[in-house]
Amino acid sequence: MRVHDPRADRLRVAVAGGSIGGLAAGTALLTAGCDVHVYERTPQQMTSRGAGIVVQPALMTLLREVGAAPLPTTACRHRHYLLPDSGPGELSGMPQRFTSWEAIYRTLVAAFPPERYHLGAEVVGFDQEEGRAVTLRLGDERRVDADLLVCADGWRSAARQHLLPNAVPAYAGYIAWRGTLDEGDAPAELTAFFDDRFTFSEARSGGHALCYFIPGANAATAPGERRLNWVWYVHIAQGPALDRLLTDDAGVRRTGSVPQGRVSLAIAGAMREHAVRELHPRFADLIAATPEPFIQTILDLAVPQMRFGRVCLLGDAAFIVRPHTAGATAKAAEDARTLARAAASPRTAFD
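Being a predicted model, the structure only gives us computed values, none of them experimental.

Analysis parameters
- Residues numbered from 1 in each chain as written.
- Predicted model: local features only at pLDDT ≥ 70, side-chain atom pairs only at ≥ 80, totals over all residues.
- Heavy atoms only, no water.
- Helix = DSSP H or I, 4+ residues; strand = E, 2+ residues; numbered from the N terminus.
- Expected span 1.5 Å × (residues − 1).
- Buried < 20%, exposed > 50% of the residue type's maximum accessible area, 1.4 Å probe, protein only.
- pLDDT = per-residue confidence, 0-100.
- Contact = heavy atoms within 4.5 Å.

When the terminal C-alpha atoms of helix α1 (residues 20-31) are compared, their 16 Å separation across 12 residues agrees well with the 16 Å that a helix rising 1.5 Å per residue should span. In terms of residue burial, α1 counts as a mostly covered element, since 10 of its 12 residues are buried. Buried residues of α1: Ile20, Gly21, Gly22, Leu23, Ala24, Ala25, Gly26, Thr27, Ala28 and Leu29, and no others. After α1 finishes, the residue Gly33 shows a positive phi value of roughly 100 degrees.

In structure tokens, the structure reads:
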């Protein structure tokens with residue numbers, strides 16, 4: 001007698017992109033009972049000292065549903081609103097939690113089986129026929145068949161460029177200067193000023209800056225081991241001024257950002273001088289103490305559809321959310337949860 005193997009009914013899912021969006025999809029779909037493999041082009045696990053992230057309920061719900069370990073977070077009890085002068089500002093009660101890109105990534109990686117997380121495996125293309133499996137083409141010339149391909153390959157998504165060549169990110173007219181400063185390297189008066197607060201400063205010429213504490217190296221959250229994370233939104237007209245700003249220390253004009261360590265000394269110095277004129281003195285001091293600020297351009301993108309037969313876009317590959325809403329990570333988590341609910345239904349949901 002032939003015994004039916006229930007594994008044969010599992011939906012085979014390939015995820016292109018192994019950052020936060022891809023791992024969110026991978027963990028959610030695996031929890032839903034799918035046979036999931038994540039393919040990431042970088043050869044080793046990713047690291048970043050970069051962006052802080054305000055914790056939203058959708059992310060915490062996803063982590064709870066996939067059985068992840070507790071997410072390293074920091075917290076505050078107050079919001080502090082400052083004007084550009086040296087006044088004390090206004091303080092109000094508003095508890096909030098914060099984390100970092102690194103902390104979320106480490107938490108999701110630990111929740112996903114390492115044998116299913118393929119590093120150094122770039123998805124360079126795919127083919128699909130109506131009603132049949134998707135065939136992935138990897139950079140090492142391997143072929144992988146799947147019932148569903150989830151493209152979570154970020155805002156530069158090669159999959160989106162293939163599926164929707166006219167859907168391209170548009171510059172929103174301003175950039176974000178960003179930086180992190182290890183608490184142990186910060187002057188004591190700065191630590192005391194920003195601690196237990198989500199602090200905002202209006203800028204004299206428009207825009208604003210903000211600061212909060214996030215987990216430090218290795219996602220440490222103990223006092224003395226955290227990082228101050230700050231962002232300053234500045235209007236820069238598209239054209240020569242933006243081109244100069246996005247030209248790194250090697251003379252290369254970057255497209256979406258200039259990462260830590262690559263902003264030229266002249267550009268960083270001019271930004272610090274500008275902060276003295278534009279922001280509250282404590283923000284200017286914080287920016288002056290940050291050794292490697294970096295630049296993020298603010299972009300807009302929305303696609304007309306996310307599903308293409310047995311292929312779908314997820315997270316930043318489909319929509320770029322401006323950072324003010326603290327929604328990009330939350331959206332990726334909710335996309336992953338929604339997709340997992342569909343995958344838990346009969347397989348005809350994807351036919």
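What follows is about the confidence of the model for the protein chain. Summarising the model, the protein chain shows a mean pLDDT of 93, and 95% of its residues fall at 70 or more. Note on residues 1-7: pLDDT is under 50 here. Beyond four places in sequence and across chains, it has one contact.

Note on placement: Ala237 falls in the loop between β14 (227-235) and α6 (240-245). Remark: the alpha-carbon pair of Ala237 and Ala172, spanning 65 residues in sequence, is separated by 9.5 Å.

Time to look at helix α9 (residues 328-343). Between its terminal C-alpha atoms α9 stretches 23 Å, which fits the 22 Å expected from 16 residues at 1.5 Å a residue. When α9 is considered as a whole, its buried residues turn out to be Thr329, Ala330, Ala332, Ala333, Asp335, Ala336, Arg337, Leu339, Ala340 and Ala343. Looking at the buried residues of α9, the elements they touch are α1, β3 (52-54), α2 (57-65), α3 (101-111), β10 (148-151) and β18 (311-313).

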